[in-house]
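# Observations on the model geometry
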Protein chains: 2
Amino acid sequence: MDTVDIQRAGQDVGVNLAGVAKLLADGTRAAFCLALLDGRAWTANELARYAGIAASTATSHLNLLVNGGLLVEERHGRHRYVRVADRRVVELIESLAALAPQRNARPLSLSASGRQQALARARLCYDHLAGTVALAITDAMVERGLLEWGPEPALTGNGALWLSETGITVPTGSRRPPVRACLDWTERRPHLAGAVGAALCTHALTSGWMTRIGTTRALLVTPAGREAWHDLLGLPPTEL
Amino acid sequence: MDTVDIQRAGQDVGVNLAGVAKLLADGTRAAFCLALLDGRAWTANELARYAGIAASTATSHLNLLVNGGLLVEERHGRHRYVRVADRRVVELIESLAALAPQRNARPLSLSASGRQQALARARLCYDHLAGTVALAITDAMVERGLLEWGPEPALTGNGALWLSETGITVPTGSRRPPVRACLDWTERRPHLAGAVGAALCTHALTSGWMTRIGTTRALLVTPAGREAWHDLLGLPPTEL
DNA sequence: ACGTCCCTTCGACGTCCGTCGAAGCGTCCC
DNA sequence: GGGACGCTTCGACGGACGTCGAAGGGACGT
């Protein structure tokens, strides 16, 4: 392989990488993906209104994202539903968010506009908890030394102990990172995601600490849950 | 938070994400980062010649990458050395590579051009093994059911057993994924990376299975290493 | 069957950005 | 001190791309 070949090889692979990166290199498309991070399927129109652009522009963006393999679509009648294709896409977006400068690291005052309130308190984000409850849980785990929450979040030894004592088993052997920081628009602060976040969420649902409100992704903290979170992490019931 | 605020929030965060993605959305910059994935510090000129562009163009690209936090630089005299800033950057690039379409999935016939040969056989890539030897190891682990090597690579139960029996301890509790696929230009096929890949590499070096050739990142398989790889994974000594 | 709604296609506009070469500056070596 | 080398700045060029509105197609409900 001579020098020219090396150049070509480097550029070719670089072009492949760049092609994927280019899909997220536009503010509108990135906003689409961030919105879709909640695991829901959105229609093209919803995304267009969310991003404040014309429907025709949204169409071309969605074409790029679907053809690029980041999103998958389902057509139902006159509606085009899209959602995130794969967990790898979620990890890619999280990797980007980990390097993006985080503005407004402190939480905003939450609006009390009724319909959004349940969602703001607690909801499913992909397969883990989000909302102010998730923030409170994350904060409490950090304060108690169960999590390290720097630029590279990780579970501490005490954290692993706490999980096993609580009866939460984190699936092992997967390539999924145990602890991830996940960011979405409501609180604009990262909360606990990754394998541990998912296991925590699963455990909370199966133990009856939280229940889904209807078929939405909004969650309700049950009285048993209030007690459990207080016993385990010292969360004041008023915060839930 | 009314609808307009939600729009603005979505766009703002989207812009942040897009800003990072934009850094890798150019073929030349992506090729830079891919080259730097070997953990070495390259000079601006080396990168320019590698990518086949003018020095002035390389300067502007490096400015973007350094200001964006993906690379860090060290000035020595008239030289400007850059290297990857952080493990988070490596993970981002690996996340992109995981979604990029992989051309030439089969290995190329290796040139015998002497100087490159040692590097092509075995070398360090960041903190794990790369080169044909790394490919052989990865392939053997997959064949023996120690690794699952699909779109989401993972260690199997047998793989975990094999590691402990071999005396390789993988640091736990970190947020680093146990198994990752790492791609670089020489073989254009992914090889074992992640926490397991790093542990394997560390073990091979401390056990004297491999030694560094001088201060380069090229590696030499020792006779003891040849025996060990054969005993553990059945690799024919001729392949090493 | 008609109007409404969701999405798509098309053409046009403007901006952004990667590229180069020439010139200049600082460093190193002879 | 002189020359070579590595990097940077500047201006100019050209292509790529995100945006819109208008027009059209297809599905749904009345």
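Please read these numbers as outputs of a predicted model, since none were measured by experiment.

It is worth spelling out the packing of helix α2 (residues 27–36) of chain B against helix α4 (residues 55–67) of chain B at this point. Residues and elements named next belong to chain B. Orientation of α2 relative to α4, taken along the N-to-C sense of each, is 70°, at an axis distance of 10 Å. Comparing their axes, α4 and α2 come out roughly perpendicular. As α2 packs across α4, the resulting crossing turns out to be right-handed. Residues Thr 28, Arg 29, Phe 32 and Cys 33 of α2 lie in contact with α4, whose contacting residues are Ala 58, His 61, Leu 62, Leu 64 and Leu 65. In terms of residue class, the contact of α2 with α4 is built from 6 nonpolar, 2 polar and 1 charged.

Further remarks concern helix α9 (residues 194–206) of chain B. All names here are of chain B. End to end, α9 covers 18 Å across 13 residues, agreeing with the expected 18 Å (1.5 Å per residue, within 8%). Within α9, 10 of the 13 residues are buried, leaving the element largely enclosed by the surrounding structure. Listing the buried residues of α9 in full gives Gly 194, Ala 195, Val 196, Gly 197, Ala 198, Ala 199, Leu 200, Cys 201, His 203 and Ala 204. Phi turns positive, to about 75°, at Gly 208, one or two residues after α9.

On to the sheet that holds strand β1 (residues 42–43) of chain B, then. Residues and elements named next belong to chain B. One open sheet accounts for 3 strands, arranged β1-β3-β2; its pairing is antiparallel. Edge strands, defined here as strands with exactly one partner in the open sheet, are β1 and β2 (71–76). By the bridge criterion, 2 bridges tie β1 to strand β3 (residues 79–84) in an arrangement that is antiparallel. Within β3, the position partnered with Thr 43 by the bridge is Tyr 81.

Moving on, we come to the sheet that holds strand β3 (residues 79–84) of chain A. Sheet strands pair by backbone hydrogen bonding; their relative direction is either parallel or antiparallel. Residues and elements named next belong to chain A. A sheet is described by the order of its strands in space; here 3 strands give the open sequence β1-β3-β2, paired in antiparallel fashion. Every interior strand has two partners, whereas the edge strands, β1 (42–43) and β2 (71–76), have only one. By the bridge criterion, 6 bridges tie β2 to β3 in an arrangement that is antiparallel. Counterpart to Glu 73 in the pairing with β3 is Val 82. Across the sheet, helix α2 (residues 27–36) lies against β1, β2 and β3, angled at about 80° from β3, the strand it touches most. Contacts between helix α4 (residues 55–67) and the sheet are confined to β2 and β3, with β3 contributing the most and set at about 45° to the helix.

Our focus in this paragraph is the protein's contact with DNA strand D. Looking at DNA strand D, there are 21 residues lining it, with A:Thr57, A:His61, B:Asn45, B:Thr59 and B:Arg78 nearest. Take the atoms of DNA strand D that sit within 4 Å of the protein: sugar and phosphate atoms are 77% of them. Taking A:Ser56, its side chain carries an N or O atom lying 3.0 Å from a base oxygen of DNA strand D. Here B:Arg80 contributes a side-chain N or O atom positioned 3.1 Å from a phosphate oxygen of DNA strand D. When contributions to the surface near DNA strand D are tallied by element, the ones reaching two or more residues are α2 and α4 of chain A together with α3 (44–51), α4 and β3 of chain B.

With that settled, consider the protein's contact with DNA strand C. Around DNA strand C, the structure places 21 residues, and the nearest of them are A:Asn45, A:Arg75, A:Arg78, B:Thr57 and B:His61. Looking at DNA strand C alone, sugar and phosphate atoms form 76% of those within 4 Å of the protein. At 2.4 Å from a phosphate oxygen of DNA strand C is found a side-chain nitrogen or oxygen belonging to B:His61. Contributions of two or more residues to the surface near DNA strand C are made by α3 (44–51), α4 and β3 of chain A together with α2 and α4 of chain B.

So, about the environment of A:Gly69. Residues and elements named next belong to chain A. Among the structural elements, Gly 69 can be located in the loop between α4 and β2. Assessed through its relative accessible area of 36%, Gly 69 is described here as partly exposed. C-alpha of Gly 69 to C-alpha of Asp 86: the two residues are 17 residues apart in sequence and 8.8 Å apart in space. Setting aside anything within four residues of it in sequence, one finds Gly 69 in contact with Ala 85 and Val 89.

About the cut-offs
Residues numbered from 1 in each chain as written. Chains lettered and ligands numbered in written order. Predicted model: local features only at pLDDT ≥ 70, side-chain atom pairs only at ≥ 80, totals over all residues. Heavy atoms only, no water. Axes fitted to C-alpha atoms, helices over the stretch in contact; angles between N-to-C directions. Helix = DSSP H or I, 4+ residues; strand = E, 2+ residues; numbered from the N terminus. Parallel < 35°, antiparallel > 145°, perpendicular 65-115°, else oblique. Left-handed = near helix turned anticlockwise from the far one by under 90°. Contact = heavy atoms within 4.5 Å. Nonpolar A, V, L, I, M, F, W, Y, C, P; charged D, E, K, R; others polar. Expected span 1.5 Å × (residues − 1). Buried < 20%, exposed > 50% of the residue type's maximum accessible area, 1.4 Å probe, protein only. Pairing = 2+ DSSP bridges. Near = heavy atom within 4 Å. Polar contact = N/O pair within 3.5 Å; in protein donor to acceptor, adjacent residues only side chain to side chain.

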